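# Residue-level structural notes
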Amino acid sequence: MAEQSLKVSRLHASVGENEILKGIDLEVSQGSVHALMGPNGSGKSTLAFSLAGHPSYRVTSGSVTLDGEELLELSPDKRAKLGLFLSFQYPAAIPGVSVANFIRTARQSLHPGDLPPAKFRKLIFEQLDELDMDPAFLGRYVNDGFSGGEKKRLEMLQLAMLAPKYAILDETDSGLDVDALKAVGNSVNALRASEDGKSIGFLIITHYPRILQYITADHVHIMMDGRIVKSGGPELANVIEREGYDKIREEVAGGVA
Amino acid sequence: MASLSSSLVRGVSKASLDALLEQRGPGPFSASARYDALARYEELPVRGTRGGRGWKHDLTKLDLSTIVPFAPGSVADDLSNEANAAARGRGVRIERIGASVPGLLGAAVDTRDDKFASLALAFANGGTYVEIPAGLQLDEAIEINYRAENAAAFPYTLIVIGEGARATVVERISGDQFVCGITEIVCAARAQLQYVAEQRLAPTARCIMTRRALLGADSHLEAALAELGSELSVSRFRSVADEHGAHSSLTALFFCNGDQHVDLESEVVHADGNTKSETIVRSAGIGRGQGRYLGNIRIVAHAHGSDASLRDDALLLSEGAHIDSIPALEIAANDVKAYHGATVGAISEDELFYAQSRGIPRNDAERMIALGFFEPAVARFPGEALREGIRTTLAAKLDAPA
């Protein structure tokens, strides 16, 4: 029976000569929300990029499966077609390509022919409304001249429009004001509450616990120096909020010694 | 006329000029003006261009000995379309260059300093005079089509727009023969002119065009050049913001595929105070395409308060493509704003990865990004039909790079 999860097993990955991920084990089952927290430099974004297949990140051992299918040999677009979505911390600008054109092309690649133009238009306008985004966005060039908040809203628009099975949100809350943060939270929650979105598995990567005030995590993991050092329920996020990472760092160091 | 001459006149020598004058008369230029121009063509050096590494074309070795400089009939410039008829109805003069306009030719915009402009004048074999009366506001574009078939085309276009008038002129060059021409533009005070030059010659043709504009006080020229065809396209554009408040905008794009070579130079001269200019050039190379763009902004000593910008971006889409980008500034005044920036490079890996992460396969992502690259320049051409035509041609070059 095929597993219904995004499963990371003993994953090691390097950037250039440096090993960043030193054996990551993580399983995000469909419909669940996992938060991955950790100090800067712990390897959180490396994990996100390694899962998505960025060419600069070299997986040296381990495996990643999505609903039982091995991802690591696949190009980034094939991984997306299997159902993986990555919301970028720093989304690239693509001048000259409109938001509407980009999302339509992506949707067509991921789910060929499933939405006739009228339905697509209806859906995207609904989502724009949910995200409190001006329809004028559709004519703007992707991320070109966008503020931080606008870029994150566009990531959420794509999340809502591309119907993935597993979504990795990489530091979606970094640099956002409260309104933008609420918009991201509302967007994810609305998706999870919807018929189509309730089975999406989320991996929310974050440095600060703030986003978890808006999105309830089922599981929280702490990452340090390329390893997951502690896992627990949502209350673990509160520990970080109160005490920062130092206490856990001591705990872990004590354990290793 | 039972038979054509069995030996067509060929090349651009004095002998061929003698033959042209004998068979067709001097037309809008006197015989002596033509002979002087031919002498200048032979004496003047090629300005500026030095062959770059591995360039296929060296302008100093341009061989025109096989071209047919004229044939019975004229350059097939059809001026009788509907848009032009409507414009004529409103008082615009659109006519073949003829004896009625000798006073203006070259008087306002002198091209005698240029080797190839001199060649164009010597063998001028067809051209158009457009005069837009002062105050006229014209919405429909005036169209000028030059088609080089059976013989080379040496078109001479003169566009004069009167005070406070507003109009659009689209000049198209097509066919499969050699083209060497001149376009002069004179904008009176407060005139607003949109000028488009679209070159779509066959891949075996060569084209050398010299275009110059003179802008009066508070006038505004929006020029857009699309060099889409030919094997070799040499394009020279200079606008002079001659009086206070004049505004020059130039957008140019080219995409060299196969073995195409485009050599584009633009210059904006700020010759008076409070003048403004923008120059935006976007180019790409694929296959073995080669390009060269030299862009100059010249601000003279008393042109205080000038505001000039020059932006040149080039995209390399294959190992064999090569584009040289040379922005330059000559500033002799204080209290001016001058900006120039240039990029040359391949498609960014970050953009590619972003698109791929959304399920878009690499080839499709490259295509989308490359076409998107041109879009900011395409958007500055007037008229959706014109823009769509350019987009279609750019996409075709991507799909058939060789």
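The structure we're discussing is the one just above.
Reference entry: report on the structure contained in this document. (Residues numbered from 1 in each chain as written. Chains lettered and ligands numbered in written order. Predicted model: local features only at pLDDT ≥ 70, side-chain atom pairs only at ≥ 80, totals over all residues. Heavy atoms only, no water.)

### With respect to the overall build of chain B
Scanning chain B from terminus to terminus reveals seven helices and 17 strands. On C-alpha atoms alone, chain B measures out to a radius of gyration of 21 Å, which is about the 21 Å that the 2.2 N^0.38 rule sets for 402 residues. Considering only C-alpha atoms, chain B reaches an extent of 70 × 50 × 40 Å along its principal axes. Buried positions account for 56% of the 402 residues belonging to chain B. Intrachain contacts of chain B at a sequence separation of at least 6 include 86% that bridge at least 24 residues. For chain B, the exposed area adds up to about 15,500 Å²; of that, 50% sits on carbon and sulfur atoms. In chain B, 40 positive and 52 negative side-chain charges are present, and the distance between their average locations comes to 2 Å. (Helix = DSSP H or I, 4+ residues; strand = E, 2+ residues; numbered from the N terminus. Rg over C-alpha atoms; globule rule 2.2 N^0.38 Å. Buried < 20%, exposed > 50% of the residue type's maximum accessible area, 1.4 Å probe, protein only. Contact = heavy atoms within 4.5 Å. Areas by Shrake-Rupley, 256 points an atom, 1.4 Å probe, with all protein chains shown as cover. Lys, Arg positive; Asp, Glu negative; His and termini not counted. Charge placed at Lys NZ, Arg CZ, Asp CG, Glu CD.)

### Focus on the pattern of salt bridges
What the rule picks out here adds up to 40 salt bridges over all chains. A:E195 is paired through a salt bridge with A:K198; the nearest N and O atoms lie 3.0 Å apart. As a salt-bridge pair, B:D113 and B:R212 come within 3.1 Å of each other at their nearest N and O atoms. Placement of B:D113 in the loop between β1 (93–96) and α4 (115–122) and of B:R212 in strand β8 (residues 206–215) is noted, with a sequence separation of 99 residues between them. Here B:D113 falls in the partly exposed class, since its relative accessible area comes to 39%. Since its relative accessible area comes to 6%, B:R212 is described here as buried. When salt bridges with common partners are traced through the structure, they connect B:E375, B:E384, B:R387, B:E388 and B:R391 into a single cluster. (Salt bridge = Lys/Arg side-chain N within 4 Å of Asp/Glu carboxyl O.)

### Details of helix α4 (residues 117–130) of chain A
All names here are of chain A. The end-to-end C-alpha distance of α4, which contains 14 residues, comes to 20 Å, matching closely the 20 Å that a straight helix rising 1.5 Å per residue would cover. For α4, the set of buried residues is F120, I124, Q127 and L128. With its buried residues spanning 105° around the axis, α4 presents them on a single face. Of the exposed residues in α4, those oriented more than 90 degrees away from the buried face are K119, K122 and D129. Looking at the buried positions of α4, the neighbouring elements they touch are α3 (99–110) and α5 (148–162). A positive phi of about 55° marks D132, the residue just after α4. (Expected span 1.5 Å × (residues − 1). Arc of directions from axis to C-beta.)

### A few points about the environment of B:I323
All names here are of chain B. With respect to the secondary-structure elements, I323 resides in strand β16 (residues 322–331). A C-alpha to C-alpha distance of 33 Å links I323 and D335, two positions twelve residues apart in sequence. When neighbours within four sequence positions are excluded, I323 is seen to be in contact with S283, A284, G285, G291, A314, L315, L316 and V344.

### Description of the interface of chain B and chain A
Across the contact, 18 residues belong to chain B and 32 residues belong to chain A. Of the roughly 1,900 Å² buried between chain B and chain A, counting both surfaces, carbon and sulfur atoms make up 68%. By the criterion of area lost to chain A, the three top residues of chain B are B:F353, B:Y354 and B:R358, representing 42% of everything that side buries. In this structure, B:R358 and A:E155 form a salt bridge, with 2.8 Å as the shortest nitrogen-oxygen distance. Inspection of the chain B/chain A interface yields seven residue pairs in polar contact (both at pLDDT 80 or more). Going through the elements one at a time, α5 (349–356) and α6 (362–378) of chain B are the ones with two or more residues in the side of chain B that touches chain A. (Buried area = accessible area lost by both parts, 1.4 Å probe. Polar contact = N/O pair within 3.5 Å; in protein donor to acceptor, adjacent residues only side chain to side chain.)

### Points about the environment of B:F353
One can find B:F353 in helix α5. A sequence separation of 292 residues divides B:F353 from B:K61, and the C-alpha atoms of the two residues are 45 Å apart.

### Structural notes on the sheet that holds β8(B)
Residue and element names in this part refer to chain B. Spatially, nine strands are ordered β1-β2-β4-β6-β8-β10-β12-β14-β16 in an open sheet, and the strand pairing comes out mixed. Edge positions in the sheet fall to β1 and β16, since each has one partner strand and no second. Sheet twist, expressed as the mean angle between neighbouring strand axes with direction ignored, is 5°. Where strand β4 (residues 156–161) meets strand β6 (residues 179–187), six bridges bridge the pair, whose relative direction is parallel. Its bridge partner being in β6, I159 is matched across the sheet by I185. Each of β4, β6 and β8 touches α4; the most contacted strand, β6, lies at about 100° to it. (Pairing = 2+ DSSP bridges. Axes fitted to C-alpha atoms, helices over the stretch in contact; angles between N-to-C directions.)

Interpretation note: all reported values are geometric properties and have no functional meaning in isolation.
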